[in-house]
Amino acid sequence: MNSIRHEGIGMTSLRTRERLVNRLIEQGIQRIDVLEAIRTTPRHLFIDEALAHRAYEDVALPIGFNQTISQPYIVARMTEAILNAAPDDAVILEIGTGCGYQTAILAGSVKHVYSIERIRPLLERTRKRLRELKIRNVSVKCGDGNLGWPQHAPYDCIITTCAASEVPPALLEQLKEGGVLVIPVGGRDQQELKLYRKTDGEISAETLEAVRFVPLLGGVEN
Ligand code: SAH
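Residues numbered from 1 in each chain as written. Predicted model: local features only at pLDDT ≥ 70, side-chain atom pairs only at ≥ 80, totals over all residues. Heavy atoms only, no water.

Under the defined criterion, the tally for this structure stands at 3 aromatic pairs. Seen from their ring centres, Phe-46 and Tyr-101 are 5.6 Å apart, and the 75° between their planes marks the pair as edge-to-face. Taken as a pair, Phe-46 in the loop between helix H3 (32-40) and strand E1 (61-62) and Tyr-101 in helix H5 (residues 101-107) lie far apart in primary sequence, 55 residues in all. Within the aromatic cluster, the residues linked to one another by ring pairs are Tyr-114, Trp-149 and Tyr-155. Across from the ring centre of Tyr-101, 5.5 Å away, lies the NZ or CZ of Arg-43, which sits over that ring. (Phe/Tyr/Trp six-rings, centres within 6.5 Å; stacked < 30°, edge-to-face > 60°. Helix = DSSP H or I, 4+ residues; strand = E, 2+ residues; numbered from the N terminus. Lys NZ or Arg CZ within 6 Å of the ring centre and 35° of its normal.)

Right, dumping it as structure tokens:
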């Protein structure tokens, strides 16, 4: 990642970044910290150079390994739902690190993000990217997110960026009292973005909107 690439595209894309932020505001994103994170996070550095010119369009894009970087609106929506429920010094668990864009957006507003990705080569590339971007309050590991990350539990909030046919019980178990789990739930082609809240040990559910994510799979891929 050289500085020319960093500055060149960053400079020329200032206007397109503003356009993206304005679009998110029109779509109902309200939190200043989320909008600011979208404006300042170099999304073009999370995708292949050949697609970098599309980085500030509000679309999902391929990142290799049959996976995608989520649409900025959905990243903003999920981040807003998490931050609305999280304390200032929140510790977050993320399932589905992918290219690390959602991770980076969250990391700016919380104390620490633990993030799990099942595809090892994708994760190693992302680990390097997060290091180069000097994002230090993130720990990543290769593993099966269905199991959560019990060593650091319980978490203030949990975010899953792949679609589950059913909510993995381990994630609800590893959620703190008062915390929320934001997760797409449904079949391959369409899912609902759900928000589960743990109150007095009971789980309540809310539907945020219709979404389409890549599936939550089992096991790891080396
Ligand atoms: N968060 C990314 C989106 C990544 S796509 C972004 O910011 O754009 C979802 C990711 O979830 C993929 O990389 C996929 O490999 C991963 N995934 C799917 N099932 C998983 C599991 N059981 N555990 C961990 N990661 C998983």
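Taken together, 25 residues surround the ligand, and among them Ser-70, Gln-102, Glu-117, Gly-145 and Leu-217 come closest. For the ligand, a nitrogen atom lies 3.3 Å from a polar atom in the backbone of Arg-118. Within the backbone of Gly-145, one N or O atom sits 2.8 Å away from a nitrogen atom of the ligand. Relative to its unbound accessible surface of 580 Å², the ligand loses 99% to contact with the protein. For the shell around the ligand, the per-class residue count stands at 11 nonpolar, 11 polar and 3 charged. (Near = heavy atom within 4 Å. Polar contact = N/O pair within 3.5 Å; in protein donor to acceptor, adjacent residues only side chain to side chain. Areas by Shrake-Rupley, 256 points an atom, 1.4 Å probe, with all protein chains shown as cover. Nonpolar A, V, L, I, M, F, W, Y, C, P; charged D, E, K, R; others polar.)

So, about the pattern of salt bridges. One pass over the full model with this rule turns up 12 salt bridges. The partner of Arg-39 in a salt bridge is Glu-18, and the shortest N-O contact between them spans 3.5 Å. Remark: Glu-18 occurs in helix H2 (residues 14-26) and Arg-39 occurs in helix H3; sequence separation between them is 21 residues. The salt bridge partner of Arg-127 is Glu-124, with a shortest N-O separation of 3.0 Å. (Salt bridge = Lys/Arg side-chain N within 4 Å of Asp/Glu carboxyl O.)

Here we come to the side chain of His-112. With respect to the element layout, His-112 can be found in strand E4 (residues 112-117). A polar contact is formed between the side chain of His-112 and the side chain of Ser-139, at a distance of 2.7 Å. Apart from residues lying up to four places away in sequence, His-112 is in contact with Ala-90, Val-91, Ile-92, Asn-137, Val-138 and Ser-139. (Contact = heavy atoms within 4.5 Å.)

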